[in-house]
Amino acid sequence: MAEDLRIAQGSKEEQYQNLIPQIGGLVLGENNLIANLANIAAALKEQFHFFWVGFYLVDAEELVLGPFQGPVACTRIKKGKGVCGSAWAQEKSLIVPDVDQFPGHIACSSLSRSEIVLPVYQQGKIIGVLDVDSSELNSFDEIDEKYLTQILQLLEP
């Protein structure tokens, strides 16, 4: 049973370090992927006030919108297209300091200025991506990548 999050102050790193055990508690013992993705998206949005945070899930050769927090979003993204499709195709995290400089960026919202996308793995296979957008330039760095990766590892059985 989930309780309210304890929102932390401090550095970005300190905020992640406070949040990760709480997310761990949310997903512990829950085997429904959609429920876990929804709570992760909500926890990240609540702690960091990101412009948009959510998941796209693999469906054949497309990513389909999954649980998210923020304004309405693109529903389907082809493999290799935009930041999300590129992270999936390249099987790696992508940090984009300025989305207007990313070739082929898909603008679901003109208010999104920077982005980080990380593959979501289960049993060694990519099942989707975590997409986090900011309304500010240069919002994401290696600290975000490190801790978001740790959060996604909580989904591994």
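Keep in mind it's a predicted model, so treat the numbers as computed, not measured.

(A) Representation of the overall build of the protein within the structure. A tally of regular secondary structure across the protein gives 4 helices and 6 strands. Along its sequence from the N terminus, the protein presents helices and strands in the succession α-α-β-β-β-α-β-β-β-α. Here the protein has a C-alpha radius of gyration of 15 Å; the compact-globule value for 157 residues is 15 Å, and the two agree. Expressed as a percentage of the 157 residues in the protein, the buried residues total 46%. Carbon and sulfur atoms make up 49% of the accessible area of the protein, which amounts to about 8,200 Å² in all. Side chains of the protein carry 11 positive and 21 negative charges; the gap between the two charge centres is 6 Å.

(B) Up close: unusual backbone geometry. One non-glycine residue, His49, lies in the positive phi region at around 55°. With respect to the element layout, His49 can be found in the loop between helix H2 (33-48) and strand E1 (52-59). Of note in this structure, Gln123 is not a glycine but carries a positive phi near 55°. Checked against the element boundaries, Gln123 lands in the loop between strand E5 (114-122) and strand E6 (125-134).

(C) Spatial organisation of the packing of helix H1 (residues 12-27) against H2. Contact geometry of H1 with H2 gives a least axis separation of 10 Å together with a crossing angle of 155°. In terms of axis orientation, H1 runs roughly antiparallel to H2. Pair H1 / H2 crosses with right-handed handedness. Between H1 and H2, the contacting residues are Lys12, Gln15, Tyr16, Asn18, Leu19, Ile23, Leu26 and Val27 on the first element and Asn36, Asn39, Ile40, Ala43, Leu44, Gln47 and Phe48 on the second.

(D) Inspection of the pattern of salt bridges at higher detail. One pass over the full model with this rule turns up 6 salt bridges. Among the ionic pairs, Asp141 bridges to Lys12, the shortest N-O distance being 3.2 Å. In this pair, Asp141 sits in the loop between E6 and helix H4 (142-153) while Lys12 sits in helix H1, placing the two residues 129 residues apart along the sequence. On the basis of relative accessible area, Lys12 is assigned to the partly exposed category, the value being 24%. One salt bridge in this structure joins Asp59 and Arg76, with 3.8 Å as the shortest N-O distance. Taken together, the residues span a long stretch of sequence, with Asp59 in strand E1 and Arg76 in strand E3 (residues 76-78) at a distance of 17 residues. It is possible to trace a salt-bridge network through shared partners that takes in Asp59, Glu62, Arg76 and Lys78.

How each quantity is defined
- Residues numbered from 1 in each chain as written.
- Predicted model: local features only at pLDDT ≥ 70, side-chain atom pairs only at ≥ 80, totals over all residues.
- Heavy atoms only, no water.
- Helix = DSSP H or I, 4+ residues; strand = E, 2+ residues; numbered from the N terminus.
- Rg over C-alpha atoms; globule rule 2.2 N^0.38 Å.
- Buried < 20%, exposed > 50% of the residue type's maximum accessible area, 1.4 Å probe, protein only.
- Areas by Shrake-Rupley, 256 points an atom, 1.4 Å probe, with all protein chains shown as cover.
- Lys, Arg positive; Asp, Glu negative; His and termini not counted.
- Charge placed at Lys NZ, Arg CZ, Asp CG, Glu CD.
- Axes fitted to C-alpha atoms, helices over the stretch in contact; angles between N-to-C directions.
- Parallel < 35°, antiparallel > 145°, perpendicular 65-115°, else oblique.
- Left-handed = near helix turned anticlockwise from the far one by under 90°.
- Contact = heavy atoms within 4.5 Å.
- Salt bridge = Lys/Arg side-chain N within 4 Å of Asp/Glu carboxyl O.

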